[in-house]
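Okay, here's what each chain looks like letter by letter:
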Amino acid sequence: MRTFIKNIGTIYGILPEGVMKKEGTEMNEVLSMDNAHITVSDGKIESFGKMEEISTEGEGYDEVIDAGGGFVMPSFCDSHTHIVYAGCRDGEFRDKIDGLSYEEIAARGGGILNSADLLHRTSEDELYRQSAERAREVMLMGTGSLEIKSGYGLTVEDELKMLRVIRRLKEDFPMEIRSTFLGAHAVGRAFAGRQADYVDHVCNEMLPAVAAEGLADFVDVFCDKGFFTPEETVKILEAAGRYGLVPKIHANELAISGGVQAGTAHGALSVDHLEQTGPEEIEDLKKHRHTMPTMLPGASFFSNLPFGNAKGFIRAGLGVALASDYNPGSSPSGNMRFVMSLACIRMRLTPEEAFNACTINSAYAMGVSDIAGSITPGKRADLIITRTLPSFAFIPYSHQTPFISRILVKGQTVSIPALQK
């Protein structure tokens, strides 16, 4: 199957082969090409170039798409989500309005534990049905690569149920999907008051069961105030390492927790949240360039938390990734365009910095930047074709105005609701 996309106003997000991420001043650079075309072959980008360089338009192709002067850009890569969950937590929305903090809701037995209770009562098929709706939702908003965590099970059986649902999503959706085991999201109710025993349970019961079915690509731990300590985090990461699971850490959402250092010391691919950081975290990440700092402005927005110091990280020469944290309690949205906009408005990133953080760097943070996150021959043809727009900055600037004309995921057009047409 070969597809020819013609009359592209501008291609954004071009990268040479071999570029896996961007750091420092590079983050403010987005290579582009005006008046262009792209050829897609068997789900991958075959080539691109200027319209004036071709002598024929569309001969020998199975499909010809006229971009009509719209932009073409790589699909968003969302490296931190929790979209496999049951029901919602709209009751806690009222608690937030009344002034209760994330920690206060959790201390009352709410938050993650509420989601675990509901998930336990939900069948695997129903959990898949609800989760598939969210997966389609984010795909239609322009996400082509997606990481999904467990962590609302908190028992062996329910964590496996979640991870099996993620496996089904991998099989049924054209997006590139990665799965993360997050058994250490909170202490399960059966282990109330016995956190050390729960950590042992994660290491000795959950991890072997997850590994036996080959259900996870990564392991994660919520290393933060009121959750798991750095020492407990290290114990879980070392146990996971015996099964070949690469770490991705929740760190420094609620306090400077030591989670960044615990993650980098054990080869974490990313350390995520980072609402609370200081110069020590920046210096540590400069020594561990393999680890991608990942910030989640949707959680800051919804939970009234500080926004991460993305600008300071970039000025220090680091790269930054952005992700949605789509979950029922603290960020009930997977709209990566809104994440890009929040990064500009509240974190003071340029549109170019925010774009790179939502594409190539977020692809790196989920281990897929070799196949996604940029316009590069040989990569997946996960593409957003926009309507005719006045500028690149318009995308985050007018963040609620429909901007998508067509979406290609692995080279195939995904149908778009009438609102977007």
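Counting starts from 1 at the beginning of each chain's written sequence and moves along it residue by residue. Restriction of local features to residues with pLDDT of at least 70 applies here, the model being predicted, together with a cutoff of 80 or more for giving and counting side-chain atom pairs; totals for whole chains, interfaces and linings are based on all residues. The basis for every side-chain value is the complete set of heavy atoms in the structure, and neither hydrogens nor water enter the calculation.

## Structural notes on the overall build of the chain
Working step 1: Counting its regular elements, the chain contains 15 helices and 16 strands.
Working step 2: Taking as baseline every contact in the chain between residues at least 6 positions apart, the subset at least 24 positions apart corresponds to 73%.
Working step 3: Reported accessibility uses the Shrake-Rupley method at a 1.4 Å probe radius. Residues are deemed covered only where the shown protein chains occlude them. Summed over all atoms, the accessible surface of the chain reaches about 15,700 Å², with 49% contributed by carbon and sulfur.
Working step 4: Each charge class in the chain can be summarised by its mean position, and for the 41 positive and 56 negative side chains these summaries are 2 Å apart. Secondary structure counts use DSSP, requiring at least four H or I residues in a row for a helix and at least two E residues in a row for a strand, with both numbered from the N terminus. In this analysis, two residues are considered to be in contact whenever any of their non-hydrogen atoms come within 4.5 Å of each other. The convention is simple: Lys and Arg are positive, Asp and Glu are negative, and His and the chain ends are not counted. The location of each charge is read from NZ of Lys, CZ of Arg, CG of Asp or CD of Glu.

## Comments concerning the UniProt feature "binding site: Zn(2+)" (unreviewed entry) in the chain
Working step 1: Residues given the UniProt feature "binding site: Zn(2+)" (unreviewed entry) here are H80, H82, H250 and D325. Look at the named residues: they lie 246 residues apart in sequence, but the longest C-alpha span between them is just 12.3 Å, so in the fold they bunch up.
Working step 2: Along the chain, H80 turns up in the loop between β6 (76-78) and α1 (90-97).
Working step 3: With a relative accessible area of 0%, H80 lands in the buried category.
Working step 4: Setting aside residues up to four positions removed in sequence, H80 forms contacts with E147, K149, H250, D272, H273, L296, A323, S324, D325 and Y326.
Working step 5: As for its position among the elements, H250 is in strand β10 (residues 246-251).
Working step 6: Think of it in three bands: with a 1.4 Å probe and only protein chains considered, a residue is buried below 20% of the maximum accessible area for its type, exposed above 50%, and partly exposed in between. We classify H250 as buried; its relative accessible area is 2%.
Working step 7: Polar contact is the term for a pair of N or O atoms within 3.5 Å; when the atoms are in protein, one must be able to donate a hydrogen and the other to accept it, and sequence-neighboring residues count only if both atoms are side-chain atoms. A distance of 3.3 Å separates the side chain of H250 from the side chain of H80, its partner in a polar contact. UniProt positions are given in the numbering used here, feature names are shortened, and annotations may be inferred rather than shown by experiment.

## Quick look at the sheet that holds strand β9 (residues 218-223)
Working step 1: Within the open sheet, the 8 strands sit side by side as β6-β7-β8-β9-β10-β11-β12-β13. Their pairing is parallel. Each end of this open sheet is capped by a strand with a single partner; those strands are β6 and β13 (321-322).
Working step 2: Note on pairing: two strands pair once DSSP finds at least 2 bridges between them. Across 4 bridges, strand β11 (residues 270-273) lies against strand β12 (residues 292-295) in parallel orientation. Within β12, the position partnered with V271 by the bridge is P293.
Working step 3: Packed on one face of the sheet, helix α12 (residues 336-347) meets β6, β7 (143-149), β12 and β13 and runs near 85° to β6. Axis lines are fitted to C-alpha atoms, over the contacting stretch for helices. Their N-to-C directions set the angle, which ranges from 0 to 180 degrees.

## Examining the side chain of H201
Working step 1: Structurally, H201 is set in helix α6 (residues 195-213).
Working step 2: In this structure H201 touches V156, F191 and M206, once residues within four positions along its chain are discounted.

## A few points about the environment of T294
Working step 1: Relative to the helices and strands, T294 is located in strand β12.
Working step 2: Overall, T294 belongs to the buried group, its relative accessible area being 0%.
Working step 3: For the pair T294 and D98, spaced 196 residues apart in the sequence, the C-alpha separation amounts to 30 Å.
Working step 4: A distance of 3.3 Å separates a polar atom in the side chain of T294 from the backbone oxygen of M292.

## Describing the UniProt feature "binding site: 4-imidazolone-5-propanoate" (unreviewed entry) in the chain
Working step 1: Under the UniProt annotation, "binding site: 4-imidazolone-5-propanoate" (unreviewed entry) lies at R89, Y152, H185, E253 and S330.
Working step 2: Structurally, the position occupied by Y152 is in the loop between β7 and α5 (156-172).
Working step 3: Tracing the chain through its elements places S330 in the loop between β13 and α12.

## With respect to the pattern of salt bridges
Working step 1: For this document, the term salt bridge refers to a Lys or Arg side-chain nitrogen within 4 Å of an Asp or Glu carboxyl oxygen. Enumeration over the complete set of coordinates arrives at 20 salt bridges.
Working step 2: Note that E46 is salt-bridged to R2, the shortest N-O span being 2.7 Å. Of this pair, E46 sits in strand β3 (residues 44-50) while R2 sits in strand β1 (residues 2-14), and the two are 44 residues apart along the sequence.
Working step 3: Classification of E46 as partly exposed rests on a relative accessible area of 35%.
Working step 4: With a shortest N-O distance of 2.8 Å, K149 and D220 are connected by a salt bridge. Placement of the pair is K149 in strand β7 and D220 in strand β9, with a sequence separation of 71 residues. The exposure classification of K149 matches that of D220, with both residues buried.

## Some details on α12
Count 3.6 residues to each turn of an α-helix, and residues three or four apart come out pointing the same way.
Working step 1: Across the 12 residues that make up α12, a large majority, 10, are buried.
Working step 2: Three or more residues of α12 are buried, namely M336, R337, F338, V339, M340, S341, L342, A343, C344 and M347.
Working step 3: With a side-chain oxygen positioned 3.0 Å from the backbone nitrogen of R337, the residue opening α12 is N335.
Working step 4: Of the residues flanking the end of α12, it is R348, one or two places downstream, whose phi is positive at about 60°.

## Quick look at the packing of aromatic side chains
Working step 1: Pairing of aromatic rings covers Phe, Tyr and Trp, the last counted by its six-membered ring, and requires centre-to-centre distances within 6.5 Å; plane angles under 30 degrees mean stacked, over 60 mean edge-to-face, and any other angle means tilted. Going through the model one piece at a time under the given rule, you end up with 10 aromatic pairs.
Working step 2: Ring centres 5.7 Å apart and planes at 15° place the aromatic pair F93 and F302 in the stacked group. Of the two residues, F93 sits in helix α1 while F302 sits in helix α10 (residues 297-303), which places them 209 residues apart along the sequence.
Working step 3: In this scheme, Lys NZ or Arg CZ marks a charge over a ring once it lies within 6 Å of the ring centre and within 35 degrees of the ring normal. One cation-aromatic arrangement involves R134 over Y85; the distance from NZ or CZ to the ring centre is 3.5 Å.
Working step 4: Sitting over the ring of Y128, R168 keeps its end group 4.2 Å from the ring centre.

## What about the packing of α6 against helix α7 (residues 230-241)?
Working step 1: Orientation of α6 relative to α7, taken along the N-to-C sense of each, is 10°, at an axis distance of 10 Å. Classified by the angle their axes make, α6 and α7 are roughly parallel. In contact with Q195, V199, D200, V202, C203 and L207 of α6, α7 contributes E232, K235, I236, A239 and A240. To sort the angles, those under 35 degrees are grouped as roughly parallel, those over 145 as roughly antiparallel, those from 65 to 115 as roughly perpendicular, and the leftovers as oblique.

## Focus on the environment of A216
Working step 1: Relative to the elements of secondary structure, A216 occurs in the loop between α6 and β9.
Working step 2: Judged by its relative accessible area of 16%, A216 is buried.
Working step 3: Other than its neighbours up to four places away in sequence, A216 contacts S179, F181, V210 and L245.

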